[in-house]
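Observations on chain architecture
Here is how the chains run, residue by residue.
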Amino acid sequence: MTTKPHKVRVGISIGDFNGIGPEIIMKTLKDKNITDFFTPIIFGSGKLFTYQKNIFKLNMNFNYILQPEQAVAGKLNMVNLWKDNVNVELGTPTEESTRMAIDSLEAATEALKKGSIDVLVTAPINKEEMMKLGFAHAGHTGYLEEKLGKKGIMFLVSDDLKVAVSTHHIPISEVAQSINKDKIKKQIHLLVQTLKEDFGIPKPKIAVLGLNPHSGDGGKIGREEIEIITPAIQECFDQGIMAFGPFPADSFFQPSKYKNYDAVLAMYHDQGLAPFKTLAYEEGVNFTAGLPLIRTSPDHGVAYDIAGKNIADERSFSEAVFTAVKIFQQRKEYQMLMENRLKPMEKNNESTVDEDLPTE
């Protein structure tokens with residue numbers, strides 16, 4: 001008797017519903033064959049999505065459930081968190097849309113921790129508005145680190161380019177004091193691990209960017225490269241990791257350079273994300289690497305300026321969904337390989353010389 005292969009359960013938090021979140025979610029799921037690839041579980045509101053699907057003239061039906069465990073394969077499942085009507089003001093963040101973004105994220109994260117969903121894909125949030133309501137983190141990454149009990153790293157990925165950032169959402173004035181040799185070493189090790197486990201790259205090559213213009217120009221424009229970044233790279237290299245740099249950021253993101261490496265470690269947010277979003281905007285995905293569970297998101301924000309106009313491009317969100325599914329499958333395959341790998345043969349202390357054979 002054969003068992004059906006496990007269909008990955010993709011949990012989706014809706015973000016700020018006055019932005020483009022529901023639009024890109026529904027456009028991603030509008031193909032009737034989409035459930036052949038995974039089982040979607042949206043943490044949202046039936047009335048909200050019914051209202052918005054009519055705005056965008058989308059023909060789709062949801063299977064309303066109370067708990068994610070009730071999700072049915074082959075259907076678009078909606079955990080109906082709110083039964084009341086909601087006041088939609090597309091293009092403007094409101095307390096109601098912000099509160100719902102928080103509730104959706106919290107419910108989806110709890111389901112991820114319990115194993116009721118396999119992966120989490122998060123639609124864009126308004127961090128500033130959420131913090132006004134007591135949300136304690138400047139983004140998804142810090143929140144998930146706290147909930148899952150492990151440090152992660154922001155990792156922007158596409159087929160051709162993968163960029164991590166050493167420091168996340170902090171002021172530029174705090175970047176220099178927020179980097180240190182041990183932190184960079186740990187991040188390089190984490191990148192190597194995730195490239196092996198989650199992306200199937202057996203011997204990753206990591207490029208590390210400098211902090212200062214021209215990578216410090218030999219110490220003339222700052223000494224972080226000499227005192228922190230280069231020693232971290234060298235120690236990793238001495239441990240057998242193919243880490244290189246530090247490279248000047250202003251000239252690194254040319255195809256003839258970045259394509260020689262499997263991933264890039266930038267020192268701060270805009271140093272890595274500005275070139276990534278320029279080169280890979282439509283297919284870019286934000287993956288929180290290093291966590292025990294999988295979370296992805298599109299590489300753009302709430303886009304209030306185009307909310308409700310039916311022009312939002314869903315490709316980044318769609319890529320986020322399928323990237324999460326692929327990472328889940330790749331990680332599972334890697335774990336199985338590690339569990340089943342041959343154990344090293346124990347050394348035999350006895351002589352291996354056949355005494356019946358003549359010796360010289």
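The rules behind these values
Along each chain, residue indices are assigned from 1 in the same order as the chain's sequence is written. Local features in a predicted model are, by the rule used here, given only for residues with pLDDT of at least 70; side-chain atom pairs are given and counted only at 80 or more, and totals for whole chains, interfaces and linings are based on all residues. Hydrogens and water molecules were not included; the side-chain quantities draw on all heavy atoms of the structure. Salt bridges, as used here, are contacts in which a Lys or Arg side-chain nitrogen is within 4 Å of a carboxyl oxygen on Asp or Glu. Helix numbers and strand numbers start at the N terminus; a helix is a DSSP run of H or I with at least 4 residues, a strand a run of E with at least 2. Relative accessibility decides the category of a residue: with a 1.4 Å probe and only protein chains considered, values under 20% of the type maximum give buried, values over 50% give exposed, and everything between is partly exposed. In this description, strands pair whenever DSSP reports at least two bridges between them. Patch construction takes residues with relative accessible area above 30% that form no salt bridge. Like charges are linked within 9 Å, and nonpolar side chains (Val, Leu, Ile, Met, Phe, Trp, Tyr) are linked within 5 Å. The accessible surface values rely on the Shrake-Rupley method and a 1.4 Å probe; as for residues, cover is taken only from the protein chains in view. Residues counted as positive are Lys and Arg, residues counted as negative are Asp and Glu, and His and the chain ends are not counted. Positions of charges follow a simple convention, taking NZ of Lys, CZ of Arg, CG of Asp or CD of Glu. The span you would expect from a helix comes to 1.5 Å times its residue count less one. A contact between two residues is defined here by any heavy atoms of the two lying within 4.5 Å. Scored between 0 and 100, pLDDT is the confidence that the predictor attaches to each residue. For the domain bounds, the source is a domain assignment made automatically or taken from a database. Any pair of nitrogen or oxygen atoms within 3.5 Å is treated as a polar contact; in protein, a donor-acceptor pairing is required on top of that, and neighbouring residues in sequence qualify only through side-chain atoms on both sides. Only Asp, Glu, Lys and Arg are considered charged in this grouping, and only Ala, Val, Leu, Ile, Met, Phe, Trp, Tyr, Cys and Pro are considered nonpolar; every other residue, Gly among them, is considered polar.

- Looking at an unreviewed UniProt entry, one finds the chain named 4-hydroxythreonine-4-phosphate dehydrogenase and attributed to Bergeyella zoohelcum ATCC 43767.

1. Comments concerning the pattern of salt bridges
- Evaluation of the coordinates by the stated rule reveals ten salt bridges.
- Between E235 and K181 there is a salt bridge, with the nearest N and O atoms lying 2.7 Å from each other. Note that E235 is positioned in helix α8 (residues 224–238) and K181 in helix α7 (residues 181–197), a separation of 54 residues in sequence.
- The exposure class of K181 is partly exposed, given its relative accessible area of 29%.
- By relative accessible area, E235 is classed as partly exposed at 26%.

2. Regarding the pairing of strand β12 (residues 294–298)
- Counting buried residues along β12, five of its five residues qualify, which places the element largely inside the surrounding structure.
- Neither face of β12 is exposed, since I294, T296 and P298 on one face and R295 and S297 on the opposite face are all buried.
- Across three bridges, the pairing between strand β5 (residues 119–122) and β12 is parallel. The residue of β12 that forms the bridge with V121 is T296.
- In this structure, strand β11 (residues 285–289) lies alongside β12, joined through three bridges in antiparallel fashion. Following the sheet pairing, N286 is matched in β12 by S297.

3. Structural notes on a negative patch on the surface
- Taken together, the side chains of D159, D160, E283 and E319 make up a negatively charged region of the molecular surface.
- Tracing the backbone shows D159 in the loop between β6 (153–157) and β7 (162–165).
- For D159, a relative accessible area of 71% puts it in the exposed group.

4. Some remarks on helix α11 (residues 269–280)
- The end-to-end C-alpha distance of α11 is 16 Å, a good match for the 16 Å that twelve residues give at a rise of 1.5 Å each.
- Within the span of α11, buried status applies to Q271, G272, L273, P275, F276 and A280.
- Of the surrounding elements, those touching the buried residues of α11 are β6, β7, β8 (205–209), α9 (249–252), β10 (263–266) and β11.

5. Focus on the confidence of the model for the chain
- In this model, the chain carries a mean pLDDT of 91, and residues with pLDDT of at least 70 account for 93%.
- Per-residue pLDDT stays below 50 along residues 345–360; that stretch engages in zero contacts with residues further than four places along the chain or on separate chains.

6. A closer look at the domain arrangement of the chain
- Domain parsing of the chain yields domain 1 (1–150 + 291–337) and domain 2 (154–283).
- If you average the C-alpha positions of domain 1 and of domain 2, the two centres end up 29 Å apart.
- Of the residues lining the interface, 15 residues belong to domain 1; the matching set on domain 2 comes to 16 residues.
- Where domain 1 meets domain 2, there are one salt bridge.
- The partner of D198 in a salt bridge is R331, and the shortest N-O contact between them spans 2.8 Å.
- Here domain 1 and domain 2 share two residue pairs in polar contact (both at pLDDT 80 or more) between them.
- Per-element tally for the side of domain 1 that touches domain 2: the top contributor is helix α12 (residues 315–340), with eight residues.
- Counted by class, the side of domain 1 that touches domain 2 contains three nonpolar, five polar and seven charged residues.

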